[in-house]
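Chain by chain, the residues run as shown.
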Amino acid sequence: MNKQTLAAALLFFCVVGPSNAAGDAATGDPAAGKTASATCAACHGADGKAILPEYPNLAGQHASYIAKQLTAYRDGERSNQLMSPMAAALTDQNILDLAAYYSELTPIQGVSQEENLTLGQNIYRGGVTAAGIASCTGCHGPSGKGNPAANYPALSGQNAAYLAAQLKLFRSGDRNNDPNEMMRSLAHRLSDSEINAVANYAAGLY
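These numbers were taken from a predicted model, which means no experiment stands behind them. Each chain has its residues counted from 1, following the order in which its sequence is written. Two thresholds apply to this predicted model, a pLDDT of at least 70 for residue-level local features and 80 or more for giving and counting side-chain atom pairs, whereas whole-chain, interface and lining totals are computed over all residues. Remark: hydrogens and water are excluded; side-chain values derive from all non-hydrogen atoms of the structure.

## Examining the packing of aromatic side chains
Aromatic ring pairs: the centre-centre distance and the angle between the two ring planes describe each pair.
Thought 1: Note on aromatic pairs: the rings of Phe, Tyr and Trp (six-membered ring only in Trp) are paired at centre separations within 6.5 Å, and the planes decide the class, stacked below 30 degrees, edge-to-face beyond 60, tilted for the rest. This structure, assessed with the given rule, holds two aromatic pairs.
Thought 2: The interplanar angle of 55 degrees and the centroid separation of 5.5 Å between the aromatic rings of Tyr 124 and Tyr 201 together place this pair among those described as tilted. Residue Tyr 124 is located in helix α8 (residues 117–126), and its partner Tyr 201 is located in helix α12 (residues 192–203); the two are separated by 77 residues in the primary sequence. For the pair Tyr 124 and Tyr 201, one class covers both residues: buried. Put simply, DSSP H or I for four residues or longer makes a helix, DSSP E for two residues or longer makes a strand, and each gets a number counted from the N terminus. Relative accessible area decides the class of each residue, using a 1.4 Å probe on protein chains only: under 20% of the type maximum gives buried, over 50% gives exposed, and in between gives partly exposed.

## Quick notes on the side chain of Arg 175
Thought 1: Residue placement: Arg 175 occurs in the loop between α10 (160–172) and α11 (182–187).
Thought 2: For the purpose of counting charges, residues Lys and Arg are taken to be positive, whereas Asp and Glu are taken to be negative. His and the chain ends are not included. Salt bridges, as used here, are contacts in which a Lys or Arg side-chain nitrogen is within 4 Å of a carboxyl oxygen on Asp or Glu. Of the side chains with opposite charge, Asp 178 lies nearest to the buried Arg 175, which makes no salt bridge, at 6.6 Å.
Thought 3: A polar contact is formed between the side chain of Arg 175 and the side chain of Tyr 65, at a distance of 3.2 Å. Any pair of nitrogen or oxygen atoms within 3.5 Å is treated as a polar contact; in protein, a donor-acceptor pairing is required on top of that, and neighbouring residues in sequence qualify only through side-chain atoms on both sides.

## A short note on the pattern of salt bridges
Thought 1: Going through the model one piece at a time under the given rule, you end up with four salt bridges.
Thought 2: Here Asp 75 makes a salt bridge to Arg 74, at a shortest N to O gap of 2.9 Å.
Thought 3: The salt bridge partner of Asp 192 is Arg 171, with a shortest N-O separation of 2.6 Å. With a gap of 21 residues between them, Asp 192 in helix α12 and Arg 171 in helix α10 connect regions that are remote in the sequence.
Thought 4: For Arg 171, a relative accessible area of 28% corresponds to the partly exposed category.
Thought 5: Shared partners join several salt bridges into a network, and the residues in it are Arg 74, Asp 75 and Asp 92.

## A closer look at α10
Thought 1: Helix span, as expected, comes to 1.5 Å for every residue beyond the first. Helix length check: α10 (13 residues) gives 18 Å between terminal C-alpha atoms against 18 Å at 1.5 Å per residue, within 8%.
Thought 2: Those residues of α10 that sit buried are Tyr 162, Leu 163, Ala 164, Ala 165, Gln 166, Leu 167, Lys 168, Leu 169 and Phe 170.
Thought 3: Backbone geometry just after α10 places Gly 173 at a positive phi near 90 degrees.

## Focus on α12
Thought 1: End to end, α12 covers 17 Å across 12 residues, agreeing with the expected 16 Å (1.5 Å per residue, within 8%).
Thought 2: Within α12, burial applies to Glu 194, Ile 195, Ala 197, Val 198, Ala 199, Asn 200, Tyr 201, Ala 202 and Ala 203.
Thought 3: Note on definitions: a residue-residue contact is assigned when non-hydrogen atoms from the two residues lie within 4.5 Å. Here the buried face of α12 lies against α8 and α10.

This is the structure:
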């Protein structure tokens, strides 16, 4: 496994599982989740802010999405040599508790870089017509807040390096737990420069 793939999996540790866990995320106990998050803090920080830009910020992410991803790691829908063993011991309640805890933390305020910002904005808001790529706003919203009911994650405040890494994993097919191949069908038509630009733009939304 290459370094980028490993880092991308590590950064997503406490964030995606099956629909039942996502639907039941509201039953999680944030206090229990805080206790269980001690291991996660080594990468995702005690406040849900990742210690490296290649890792995801978890603070304020939708509980349903966090639960979905954790369950996917545990059940083999996502596979990684580090994350799969770590998630394997989690119970459904552990997952719901972690999801509840991180979702209640104050979201991170992201900042976009000026470089490639216009390109990223154009892709996020308008897609890439020539390539048949729809805008990101349809699923993730104009302010990047996502859609918890549909398990579409919030992108605002997320680390741009992490977002870019995930798009590249979808593009290569190394990440394939997107419903109906939605992300894979879009990402495989994006160039590196387009991915980096839209990731940069999305990170600064609020």
